[in-house]
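# Reading the structure
As a plain string of letters, each chain reads:
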Amino acid sequence: MQKIKMSCLLAILAIAFVTIYISTVEAKGPVTYIFGDSMADVGNNNFFPKSLAKANYPWYGIDYVTKQPTGRFTNGRTIGDCMSAKFGIPSPPPYLSLSTNDDAILRGVNFASGGAGLLNETGSYFVEYLSFDDQITCFERTKQAMTLMIGEDESEQLCNEALFLIGLGSNDYINNFLQSFMADGQEYTHDEFVTLLISTLNRQLLRLYGLGARKIVFNGLAPLGCIPSQRVKSGTGQCLHRVNDYVVEFNSHVKDLIAGLNTKLSGAQMGFADSYPVVMELINHPEQYGFKISNTSCCNVDKTVGGMCLPNSRLCKNRRDFVFYDAYHTSDAANEIIADKMFADLNSNVQGSSPSPAPAPF
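Presented here is a report on the structure given in the accompanying data block. Every value quoted in this text rests on a predicted model; they were computed, and no experiment measured them.

## Examining the side chain of T74
Inspection of the secondary structure assignment puts T74 in the loop between β1 (32–36) and α2 (79–87). The buried category is assigned to T74, whose relative accessible area is 2%. Engagement of the side chain of T74 in a polar contact is seen with the backbone nitrogen of D332, the distance being 3.4 Å. Other than its neighbours up to four places away in sequence, T74 contacts Y60, G61, Y325, T330, S331, D332 and N335.

Right, dumping it as structure tokens:
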């Protein structure tokens, strides 16, 4: 009975994801609103003078089109940048770079902020950042501004047809639950903690739905136990399987949550993007994708405080050889392959799905 229930839930998720994808590719390109952490931040934290989670210095951005730091926590493009290119749209600008009367908000905005998590207490030691709740509040203000520009009905329709991409949860583990000095790791068992995360995410998705979001894709967590900052804790350089088990459990609960919301909420088309197998494939078989090293960082900062690629870091000679740029973040080359795999999976799902009436394009 449990297997049948799970099969039904996964089928619902697949249908929702296919629906989102079809309506995206049939249009010239979707209006996209991005919510996330440092994996998706394109410069919001640059606007926080006291933030300890910034990447606006060398050697970040060395392989970006401008060859300059932009606030992206990698040597070049984020996964979101790569996906935007595949959708045929410019990468949405950071929210804090825009004014409320800038019509760019009608074409997409990036609210992601380095250090953010689902929980408000996550990332607190980064001082200044936008938590997921903060990011939703920023979107609420954005919608109010859109309503003043184009009217209430039009702004509601724009939000109903827009694509909302969410990638959060990593910091809730790496910079919260797994840190001995953070209260959550002491107060909760993992079962209790994941219940807290899912209940929080449920409230946040309902809040976005109330603001007009219908087409939402949540990007699941990658194998966090295999990132360089966690490998060094093993003493042997191996992956932390306990951490990966936490991630698998979290992802499973998110899938169930999204499937349930799709059945309960009128017009909801929520999907789950499973990045775990894609990233694990890169880690286990880097040579198959043109990489040479997947267990340590290009900047050789696995054991340094913060794990960031600072100006005094010893940069690797060939950044294309490395899956990870610093102790936490994947490289430009890896981001491109992850985006390629995710996009190919969407194509595969569409081609393998049963014929059904196509939804209205964006």
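## Brief notes about the environment of D256
By secondary structure assignment, the location of D256 is in helix α9 (residues 241–264). With a relative accessible area of 28%, D256 lands in the partly exposed category. Sequence separation between D256 and F272 is 16 residues, and the spatial gap between their C-alpha atoms is 9.8 Å.

## Description of the state of the cysteines
On inspection of all chains with the given rule, the structure shows three disulfides. The residue that forms a disulfide with C226 is C239, at a sulfur-sulfur distance of 2.1 Å. Classification of the bridge connecting C226 and C239 rests on its S-S torsion, roughly 115°, and on that basis the disulfide is right-handed. Here C226 is found in the loop between β4 (215–219) and α8 (228–231), whereas its partner C239 is found in the loop between α8 and α9, with 13 residues between them in sequence. Across the disulfide from C298 sits C316; the S-S distance is 2.0 Å. Classification of the bridge connecting C298 and C316 rests on its S-S torsion, roughly -90°, and on that basis the disulfide is left-handed. Placement of C298 in the loop between β6 (293–297) and β7 (322–324) and of C316 in the loop between β6 and β7 is noted, with a sequence separation of 18 residues between them.

## Quick look at the sheet that holds β1
Across the sheet, five strands lie side by side as β2-β1-β3-β4-β5; this open sheet has parallel pairing. Edge positions in the open sheet fall to β2 (108–110) and β5 (269–273), since each of these has one partner strand only. Strand-to-strand twist in this sheet, taken as the mean axis angle between neighbours without regard to direction, amounts to 15°. Contacting β1 and β3 (163–167), helix α3 (residues 132–150) crosses the sheet at an angle of about 160° to β1.

## Side note on unusual backbone geometry
The linkage connecting P58 with the following residue, W59, adopts the cis geometry, with an omega of 15°. Within the element layout of this structure, W59 appears in the loop between β1 and α2. If you check the backbone angles, K67 has positive phi at about 60° while not being a glycine. Inspection of the secondary structure assignment puts K67 in the loop between β1 and α2. Residue classification places K67 among the exposed residues on the basis of a relative accessible area of 53%.

About the thresholds
- Residues numbered from 1 in each chain as written.
- Predicted model: local features only at pLDDT ≥ 70, side-chain atom pairs only at ≥ 80, totals over all residues.
- Heavy atoms only, no water.
- Helix = DSSP H or I, 4+ residues; strand = E, 2+ residues; numbered from the N terminus.
- Buried < 20%, exposed > 50% of the residue type's maximum accessible area, 1.4 Å probe, protein only.
- Polar contact = N/O pair within 3.5 Å; in protein donor to acceptor, adjacent residues only side chain to side chain.
- Contact = heavy atoms within 4.5 Å.
- Disulfide = S-S within 2.5 Å.
- Pairing = 2+ DSSP bridges.
- Axes fitted to C-alpha atoms, helices over the stretch in contact; angles between N-to-C directions.

Fair warning: the whole summary comes from geometry, so function is off the table for now.
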